[in-house]
Amino acid sequence: AQSVTQLDSQVPVFEEAPVELRCNYSSSVSVYLFWYVQYPNQGLQLLLKYLSGSTLVKGINGFEAEFNKSQTSFHLRKPSVHISDTAEYFCAVSPFYGGATNKLIFGTGTLLAVQP
Amino acid sequence: SQTIHQWPATLVQPVGSPLSLECTVEGTSNPNLYWYRQAAGRGLQLLFYSVGIGQISSEVPQNLSASRPQDRQFILSSKKLLLSDSGFYLCAWSPGQGPFLGTEAFFGQGTRLTVV
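All chains use their own residue numbering, which begins from 1 and follows the written sequence. Labels follow written order: the first chain is A, the first ligand is 1, and so on. A pLDDT threshold of at least 70 governs which residues receive local features in this predicted model, and a stricter bar of 80 or more applies before side-chain atom pairs are shown or counted, although totals over entire chains, interfaces and linings include all residues. In computing side-chain properties, one takes all heavy atoms of the structure into account and sets aside hydrogens as well as water.

**So, the environment of cysteine 23 of chain A**
Residues and elements named next belong to chain A.
Then, in step 1: Note on placement: cysteine 23 falls in the loop between strand 3 (19-21) and strand 4 (24-26).
Then, in step 2: For every residue, the accessible area (1.4 Å probe, protein chains only) is compared with the maximum for its type, and the residue is labelled buried under 20%, exposed over 50%, or partly exposed between those bounds. The exposure class assigned to cysteine 23 is buried, which follows from its relative accessible area of 0%.
Then, in step 3: Along the sequence, cysteine 23 and alanine 92 sit 69 residues apart, while their C-alpha atoms lie 8.8 Å from each other.
Then, in step 4: Leaving out residues up to four positions away in the same chain, cysteine 23 has contacts with Val4, Thr5, Trp35, Thr72, Ser73, Phe74, His75 and Cys91. Helix numbers and strand numbers start at the N terminus; a helix is a DSSP run of H or I with at least 4 residues, a strand a run of E with at least 2. We call two residues in contact whenever any of their non-hydrogen atoms come within 4.5 Å of each other.

Here's what the structure looks like:
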């Protein structure tokens with residue numbers, strides 16, 4: 001079975017400061033990794049994903065994440081946040097078996113609260 | 001391009017009443033389909049997923065059921081709602097099995113269900 005842990009339920013940060021949202025996962029098989037963002041009362045939007053190759057992946061809105069296989073982590077970072085980045089962020093994994101995938105498993109989410 | 005429609009956006013239902021939430025996808029075929037529930041402060045919980053017509057996998061035992069009567073239609077139902085069924089329900093789709101690797105999911109705008 002797979003699981004995703006987002007230890008921080010809420011991260012307050014001042015505008016223009018850097019931020020890191022942590023994500024750790026557990027899986028007995030290889031996984032793809034994702035970060036999604038959810039604005040209030042809306043669906044989820046993909047920020048970035050790691051499938052293979054370079055462990056540093058860049059996404060939309062200036063976010064990036066680094067895959068660390070030994071630590072089973074996929075932390076999300078942004079060097080300078082804006083008020084508009086205030087939202088809930090979800091880390092997710094998709095296990096794959098022989099090339100086929102059919103599940104996305106999410107963490108509990110981290111609320112990023114950007115203050116002026 | 002692909003689009004996903006989910007309705008209604010909000011719903012208030014009395015305890016013991018039936019439920020039917022509908023989700024349809026356009027612009028793709030053979031998608032994987034998902035129902036998630038997001039309860040306050042609890043992240044996204046995968047309820048059901050489907051890899052084809054009539055094929056439903058349930059992730060957690062509950063008061064809900066799902067059906068896929070057509071390739072791009074996914075329905076979430078309940079015969080008798082409980083107070084604990086309140087939450088934000090999200091439908092999503094991802095490309096089905098095939099050469100595409102990395103099942104990025106695309107989400108609907110969600111349904112806010114309040115059981116009173």
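**Examining the sheet that holds strand 8 (residues 73-78) of chain B**
Residues and elements named next belong to chain B.
Then, in step 1: Think of it this way: DSSP has to see at least two bridges between two strands before they count as a pair. Strand order in the open sheet made by the four strands is 1-3-8-7, with antiparallel pairing throughout. What marks the edges here is a single partner per strand, and that holds for strand 1 (3-7) and strand 7 (65-70). Taking each pair of neighbouring strands and ignoring which way they run, the sheet shows an average axis angle of 20°.
Then, in step 2: Relative to strand 8, strand 3 (residues 19-26) runs antiparallel, the two sharing six bridges. Across the sheet, serine 20 pairs through a bridge with serine 77, a residue of strand 8. What counts as an axis is a line fitted to C-alpha atoms, over the stretch in contact for a helix, and the angles between N-to-C directions run from 0 to 180 degrees.

**Some details on the nonpolar core**
Then, in step 1: Judged by nonpolar contacts, the single largest core of 29 residues is most densely connected at Leu33, Trp35, Leu47, Leu48, Phe74, Leu76 and Tyr89 of chain A.
Then, in step 2: For this core, the elements supplying multiple residues, two or more each, are strand 2 (10-14), strand 3, strand 5 (31-38), strand 6 (44-50), strand 8 (64-68), strand 9 (73-78), strand 10 (87-97) and strand 13 (110-115) of chain A. We call a set of buried Ala, Val, Leu, Ile, Met, Phe, Trp, Tyr and Cys residues a nonpolar core when their side-chain atoms join them within 4.5 Å.

**A closer look at the packing of aromatic side chains**
Then, in step 1: When the centres of two rings from Phe, Tyr and Trp lie within 6.5 Å, Trp using its six-membered ring, the rings pair. Their planes under 30 degrees apart give stacked, over 60 give edge-to-face, and anything left gives tilted. For the coordinates displayed, the defined rule picks out 13 aromatic pairs over all chains.
Then, in step 2: Ring geometry for tyrosine 36 of chain A against phenylalanine 107 of chain B: centres 5.6 Å apart, planes inclined by 75°, an arrangement best described as edge-to-face. With tyrosine 36 of chain A in strand 5 and phenylalanine 107 of chain B in strand 10 (residues 106-107), this pair bridges two chains. Taken individually, tyrosine 36 of chain A and phenylalanine 107 of chain B each receive the classification buried, so the pair is uniform in this respect.
Then, in step 3: For the pair tyrosine 36 of chain B and phenylalanine 107 of chain B, a centre-to-centre distance of 5.9 Å together with 45° between the ring planes defines the contact as tilted.

Read these as layout, nothing more, since geometry by itself doesn't imply function.
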